[in-house]
Amino acid sequence: MIPTEHCAKGSGQGKIILCGEHAVVYGYPAIALGLSCTTTVTLSAKSGPTELESGEAHATLATVIQQQLPAEGLRIAIESDVPIGKGMGSSAALAVALVRARASVQRTPLSEAQTFQQSLAIEKLFHGNPSGLDNTVAALGGVLRFEKGPPPTVTRLPMPNWSLVILDAGTAPATKEMVQQVALGFPSNSAVIEQIGALSEAIAANLEDQLFVASCMNENQALLVELGVSSEPLDTMVAWARNHGAVGAKLSGAGGGGMVIALSLQPQELLKEVEKAGISALHTRPWIPT
Ligand code: MEV
């Protein structure tokens, strides 16, 4: 039971996947980057039923609140600048923020393993059977090599000196649907999935080599197209980024829509082109919360 005299906050980060989405579900490594966009959940005492005071109300969130928080006595405020429905880990950021706020209001510190398990339970409500990649990076930030568990193997990689331009190619369908689509093609698609895992391994060992990382991103994109998880808007945005100076570009997340990540040797030049074209974009580096 949560003592309602307390008020507490918890946060989780947004993310992009540099390499290895979908393959990670089949036990291969993936490389993910935590970003500075953040979701914060604030829990405070109130009389009467627990209520969502601010934040986008939707059916899954209502289930999460019902399952994870007491029915009485809490006001929940959710603030977020993690884009929703763009493959940037908004549900994982929310899951991590919620379990941290709950632990804080209960004054029970959470270990990394508890944060992982509790946020994964919430992610399952959103996505069915996630690998655990998104909630891990939402909790830890920085650059991570992740291999599914249990328990997962997580290695923090050095922060690279390059940045990424993240380009909006529209809304993505539910992650669950995209994961199911890949599962329908298994095991015929297993060679493609294995090659994606090998690219993640290669990137982990050569993260500072921008041109090498970029060429792995391009190979990863080609393999994701083969897996059937790209889409016409994603393909168009990848081509646009490459035609405007990106040395590497790929979709990020479950696919079907969402964001394209682009690596350029001259990101400011790419950003000028982005502005001229009126594309909604972010320019970012991996980030670790302090
Ligand atoms: C979604 O951000 C990443 C996927 O690999 C699914 C997962 O890891 O659970 C597509």
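Let me sum up the structure you'll find in this document. (Residues numbered from 1 in each chain as written. Predicted model: local features only at pLDDT ≥ 70, side-chain atom pairs only at ≥ 80, totals over all residues. Heavy atoms only, no water.)

### Examining the site of the ligand
The criterion, for reference: To be near a molecule or strand, a residue needs just one of its heavy atoms within 4 Å of it. We call two N or O atoms a polar contact when they sit within 3.5 Å, provided that within protein one can donate a hydrogen and the other can accept it, with sequence-adjacent residues counted only if both atoms are side-chain atoms. Computed with a 1.4 Å probe, the accessible areas rest on the Shrake-Rupley method; for each residue, only the protein chains presented here act as cover. Within this scheme a cavity is a closed region of a 1 Å grid, computed over the protein atoms alone, that accommodates a 1.4 Å probe without allowing it to escape, whereas a pocket is open but has protein on both sides within 12 Å along at least five of seven lines; lining residues each have an atom within 4 Å of a point. A cavity or pocket is said to hold a molecule if more than half of that molecule's atoms lie within 2 Å of its grid points. All amino acids are sorted into three groups, where Ala, Val, Leu, Ile, Met, Phe, Trp, Tyr, Cys and Pro are nonpolar, Asp, Glu, Lys and Arg are charged, and the leftover types, Gly among them, are polar.
All residues in the neighbourhood of the ligand are listed as Lys15, Ile17, Glu21, His22, Val24, Val25, Pro130, Ser131, Asp134, Val179, Gly253 and Ala254. The separation between an oxygen atom of the ligand and a polar side-chain atom of Lys15 is 3.2 Å. Between the ligand and the protein, one listed contact pairs an oxygen atom with a side-chain N or O atom of Asp134 at 2.8 Å. Within the complex, the protein chains bury 96% of what would otherwise be the 300 Å² of accessible surface of the ligand. For the ligand, the cavity whose grid points lie within 2 Å of the majority of its atoms is the largest pocket. A class-by-class count of the residues in the shell around the ligand yields six nonpolar, three polar and three charged.

### Details of the packing of aromatic side chains
Put simply, the test is: Here a Phe, Tyr or Trp ring, Trp counted by its six-membered ring, pairs with any other such ring whose centre lies within 6.5 Å, and the pair is stacked when the planes are under 30 degrees apart, edge-to-face when over 60, and tilted otherwise. Working definition: helices are DSSP H or I runs of at least four residues, strands are E runs of at least two. Numbering for both runs from the N terminus. Only protein chains enter the accessibility calculation, which uses a 1.4 Å probe; a residue whose area is less than 20% of its type maximum is buried, one above 50% is exposed, and one in between is partly exposed.
Applying the stated criterion across every chain yields a total of one aromatic pair. Where Tyr26 meets Phe186, the ring centres are 4.7 Å apart and the plane angle is 25°; that geometry is what we call stacked. Taken as a pair, Tyr26 in the loop between strand S1 (8-19) and strand S2 (30-49) and Phe186 in the loop between helix H5 (175-184) and helix H6 (190-205) lie far apart in primary sequence, 160 residues in all. By relative accessible area, Phe186 is classed as partly exposed at 39%.

### Overview of the sheet that holds strand S7 (residues 164-168)
In plain terms, the rule: The criterion for strand pairing is that DSSP finds at least two bridges linking the strands in question. Interaxial angles span 0 to 180 degrees and are taken between N-to-C directions of axes, which are lines fitted to C-alpha atoms, for helices over the stretch in contact.
The strand order across the open sheet built from four strands is S8-S9-S7-S10, with neighbouring strands paired in antiparallel fashion. Looking at the sheet topology across the chains shown, the edges are occupied by strand S8 (246-251) and strand S10 (281-284). Sheet twist, expressed as the average angle between the axes of neighbouring strands with direction ignored, equals 20°. Relative to strand S9 (residues 259-264), S7 is paired through four bridges, and the arrangement is antiparallel.

### Focus on the state of the cysteines
Heads up, the rule is: Our working definition of a disulfide is a cysteine sulfur pair at a distance within 2.5 Å.
Tallying each qualifying case throughout the model produces zero disulfides. Cysteine Cys216 remains unbridged, with the sulfur of Cys19 as its closest cysteine sulfur at 6.6 Å.

### Side note on the pattern of salt bridges
Stated formally: Every case where a carboxyl oxygen of Asp or Glu lies within 4 Å of a side-chain nitrogen of Lys or Arg is listed as a salt bridge.
According to the stated counting rule, one finds eight salt bridges in the structure shown. A salt bridge links Glu147 to Arg145; its shortest N-O distance comes to 2.6 Å. With relative accessibility at 24%, the residue Glu147 sits in the partly exposed group. With a shortest N-O distance of 3.3 Å, Lys272 and Glu269 are connected by a salt bridge. Here Lys272 and its partner Glu269 are both found in helix H9 (residues 267-277), three residues apart, which amounts to about one turn of the helix.

### A few points about the environment of Thr171
Note the cut-off: Here a residue-residue contact requires only that any non-hydrogen atoms of the pair lie within 4.5 Å.
Tracing the sequence through the fold places Thr171 in the loop between S7 and H5. By relative accessible area, Thr171 is classed as exposed at 58%. As for Thr171 and Glu208, which are separated by 37 residues in sequence, their C-alpha atoms are 31 Å apart. Setting aside residues up to four positions removed in sequence, Thr171 forms contacts with Gly85, Lys86, Gly256, Gly257 and Gly258.

### Let's talk about helix H2 (residues 90-106)
In plain terms, the rule: A helix's residues, less one, multiplied by 1.5 Å, set its expected span.
An ideal rise of 1.5 Å per residue puts 24 Å on 17 residues; H2 measures up with 24 Å between its terminal C-alpha atoms. With 13 of its 17 residues buried, H2 lies for the most part within the structure.

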